[in-house]
Amino acid sequence: MTDEALPLDLNQVADACREAGYVVSEIDRGLEVSGSDDGGAFYLFPEGDWLQVRCQVFDEADLEKARDLTALFETITRAQFRMIGCRFGFDELTGLWLVADLYPGFEPERLPAVLEQLAFVWSSLGEVLDAALKGTVVDEITLDAAFELEPDERPN
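Below: a short report on this structure. Values in this document were obtained by computation on a predicted structure and should not be read as measured data.

### What to know about the overall build of the protein chain
Okay, step 1: Assigned secondary structure in the protein chain consists of five helices and six strands.
Okay, step 2: Mapped in sequence order, the helices and strands of the protein chain form the string α-β-β-β-β-α-α-β-β-α-α.
Okay, step 3: Intrachain contacts of the protein chain at a sequence separation of at least 6 include 57% that bridge at least 24 residues.
Okay, step 4: Of the roughly 9,900 Å² that the protein chain leaves accessible, carbon and sulfur atoms contribute 49%.

Written as structure tokens, this is what we have:
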């Protein structure tokens, strides 16, 4: 007997999200999941047997306001080193996204925890990323404080 993962079932994913209180809508090739008061939404797309979960951080109009994206890219790279459990994705047509890639065979009932994690990362980094969009790269202490982490006093 092999430990093969079950194929991705978007109906089970949608049911798990609904059970957690989210509103689920079908979109082109996936699902839109919402439920927060701020109008935010998550987009779930099957990628083979994987499920990609995305939430938009900045759209193309936000990015066009920046004179230069260097500070933003440096900030997201530094945030990524904090092992946030997700990654950033950039598309010049649609903007900056937070992305979680869920492996084949993940348990759909665990998806709401992934959505909470993405929401936490986005809300924690909101001010830092807004500053970066305006050209400011915050220091390490400020970046850690965004995640409510205390600086480590130990030498490297």
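### Observations regarding the nonpolar core
Okay, step 1: V53, L111 and L125 are the most contacted members of the largest nonpolar core, which totals 41 residues.
Okay, step 2: Residue assignment for this core shows that the elements contributing at least two residues are helix 1 (10-19), strand 2 (30-34), strand 3 (41-47), strand 4 (50-58), helix 3 (70-80), strand 6 (95-102), helix 4 (111-133) and helix 5 (140-146).
Okay, step 3: The element that contributes the greatest number of residues to this core is helix 4, accounting for ten residues.
Okay, step 4: Leaving out residues up to four positions away in the same chain, L125 has contacts with A79, F88, L143, A146 and F147.

### What about the packing of helix 3 against helix 4?
Okay, step 1: Where helix 3 contacts helix 4, the axes come no closer than 7 Å and their chain directions differ by 150 degrees. Considered as vectors, helix 3 and helix 4 are oriented roughly antiparallel to each other. Regarding helix 3 and helix 4, the two cross each other, and that crossing is right-handed. The residues of helix 4 that touch helix 3, namely those facing A71, L72, T75, I76 and A79, are L125, V128, L129, A132 and L133.
Okay, step 2: Its residues assigned to classes, the contact of helix 3 with helix 4 shows nine nonpolar, one polar and no charged.

### Observations regarding helix 1
Okay, step 1: Restricting attention to buried positions, one finds in helix 1 the residues V13, A14, A16 and C17. Looking down the long axis of helix 1, one finds its buried residues gathered within 160 degrees of arc, a one-sided arrangement. What points out from helix 1, more than 90 degrees from its buried face, is the exposed set N11 and E19.
Okay, step 2: Of the surrounding secondary structure, the elements contacted by the buried residues of helix 1 are strand 1 (23-27), strand 2, strand 3, strand 4 and helix 4.
Okay, step 3: Put simply, D9 is the residue that caps the front of helix 1, since its side-chain oxygen is 2.9 Å from the backbone nitrogen of N11.
Okay, step 4: With its phi angle positive at about 95 degrees, G21 sits one or two positions after the end of helix 1.

### Regarding the packing of aromatic side chains
Okay, step 1: One pass over the structure, following the stated rule, counts four aromatic pairs.
Okay, step 2: Here F58 and W122 contribute two aromatic rings whose centre-to-centre distance is 6.2 Å and whose plane-to-plane angle is 85 degrees, an arrangement assigned as edge-to-face. Of the two residues, F58 is situated in strand 4 and W122 in helix 4; the sequence distance between them amounts to 64 residues.
Okay, step 3: You can call F58 buried: its relative accessible area is 4%.
Okay, step 4: Centre to centre, the rings of F120 and F147 are 6.3 Å apart; their planes meet at 45 degrees, and the pair counts as tilted. Highlighted residues: F120 in helix 4 and F147 in the segment after helix 5, separated in sequence by 27 residues.
Okay, step 5: For F120, a relative accessible area of 40% gives the class partly exposed.
Okay, step 6: Taking the ring centre of W97 as reference, the NZ or CZ of R54 above it sits at 5.9 Å.

Definitions and cut-offs
- Residues numbered from 1 in each chain as written.
- Predicted model: local features only at pLDDT ≥ 70, side-chain atom pairs only at ≥ 80, totals over all residues.
- Heavy atoms only, no water.
- Helix = DSSP H or I, 4+ residues; strand = E, 2+ residues; numbered from the N terminus.
- Contact = heavy atoms within 4.5 Å.
- Areas by Shrake-Rupley, 256 points an atom, 1.4 Å probe, with all protein chains shown as cover.
- Core = buried A, V, L, I, M, F, W, Y, C linked by side-chain atoms within 4.5 Å.
- Buried < 20%, exposed > 50% of the residue type's maximum accessible area, 1.4 Å probe, protein only.
- Axes fitted to C-alpha atoms, helices over the stretch in contact; angles between N-to-C directions.
- Parallel < 35°, antiparallel > 145°, perpendicular 65-115°, else oblique.
- Left-handed = near helix turned anticlockwise from the far one by under 90°.
- Nonpolar A, V, L, I, M, F, W, Y, C, P; charged D, E, K, R; others polar.
- Arc of directions from axis to C-beta.
- Polar contact = N/O pair within 3.5 Å; in protein donor to acceptor, adjacent residues only side chain to side chain.
- Phe/Tyr/Trp six-rings, centres within 6.5 Å; stacked < 30°, edge-to-face > 60°.
- Lys NZ or Arg CZ within 6 Å of the ring centre and 35° of its normal.

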